[in-house]
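# Residue-level structural notes
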Amino acid sequence: MEAPVVLSAEFLRERLLQGLEAEHVEVEDTTPGRCATSFKVLVVSPRFQGKPLLQRHRLVNEVLAEELKHIHAFEQRTLTPEQWAKEQEGK
């Protein structure tokens, strides 16, 4: 029998940083108050340049393929470094 998989926001953050050569990653564990494991992520990577939203999300899903088998809900925002910089200027 397999041991249960324990996923943390920090573990997912490190996987995304390395797997997507990301410049910025935020991971929020939104499990509390829900019935199953759930996370919300923001990933900023130059690898998203020139890619439509669906392709960006597929890249994230590929990096977390094993982990997503154990996650009930997964919300993601994917931005290029230029989009992220522009967003930060507006704050």
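Residues numbered from 1 in each chain as written. Predicted model: local features only at pLDDT ≥ 70, side-chain atom pairs only at ≥ 80, totals over all residues. Heavy atoms only, no water.

### Considering the pairing of strand β2 (residues 38-44)
Among the seven residues that make up β2, six are buried, leaving the element largely enclosed by the rest of the structure. Note that strand β1 (residues 24-29) and β2 share six bridges and pair antiparallel. Across the sheet, residue V27 finds its bridge partner in β2, namely V41. As judged from the seven bridges shared by β2 and strand β3 (residues 73-79), these two strands associate in the parallel manner. Looking across to β3, one finds that V41 is bridged to Q76. (Buried < 20%, exposed > 50% of the residue type's maximum accessible area, 1.4 Å probe, protein only. Helix = DSSP H or I, 4+ residues; strand = E, 2+ residues; numbered from the N terminus. Pairing = 2+ DSSP bridges.)

### As for the sheet that holds β3
If you trace the three strands from one edge of the open sheet to the other, you get β1-β2-β3, paired in mixed fashion. Only two strands of the sheet have a single neighbouring strand rather than two, namely β1 and β3. In this sheet, neighbouring strand axes are inclined to one another by 10 degrees on average, regardless of whether the strands run parallel or antiparallel. Of the strands in this sheet, β1, β2 and β3 touch helix α4 (residues 81-89), which is tilted by about 90 degrees from β3. (Axes fitted to C-alpha atoms, helices over the stretch in contact; angles between N-to-C directions. Contact = heavy atoms within 4.5 Å.)

### Topic: the pattern of salt bridges
Side chains that carry opposite charge are capable of pairing whenever their charged atoms lie near each other. Applying the stated criterion across every chain yields a total of five salt bridges. For E10, the salt bridge is made with R13, and the minimal N-O distance between the two is 3.9 Å. Note that E10 and R13 are positioned in helix α1 (residues 9-19) at a spacing of three residues, about one turn of the helix. Residue class for E10 comes out partly exposed when judged on its relative accessible area of 45%. Note that E66 is salt-bridged to K69, the shortest N-O span being 2.9 Å. Each of E10, R13 and E14 takes part in salt bridges that share partners, so that together they form one network. (Salt bridge = Lys/Arg side-chain N within 4 Å of Asp/Glu carboxyl O.)

### A few points about the environment of A36
Within the secondary structure, A36 sits in the loop between β1 and β2. Remark: the alpha-carbon pair of A36 and S8, spanning 28 residues in sequence, is separated by 13 Å. In contact with A36, not counting residues within four places along its chain, are T31 and H72.

### Let's talk about unusual backbone geometry
Even without being glycine, E21 reaches a positive phi, approximately 50 degrees. Mapped onto the elements, E21 comes out in the loop between α1 and β1.

### Remarks on the environment of L59
Here L59 shows up in helix α2 (residues 53-63). Along the backbone, L59 and F48 are 11 residues apart, and their C-alpha atoms lie at a distance of 8.5 Å. Excluding residues within four positions of it along the chain, L59 makes contact with L20, R47, F48 and K51.

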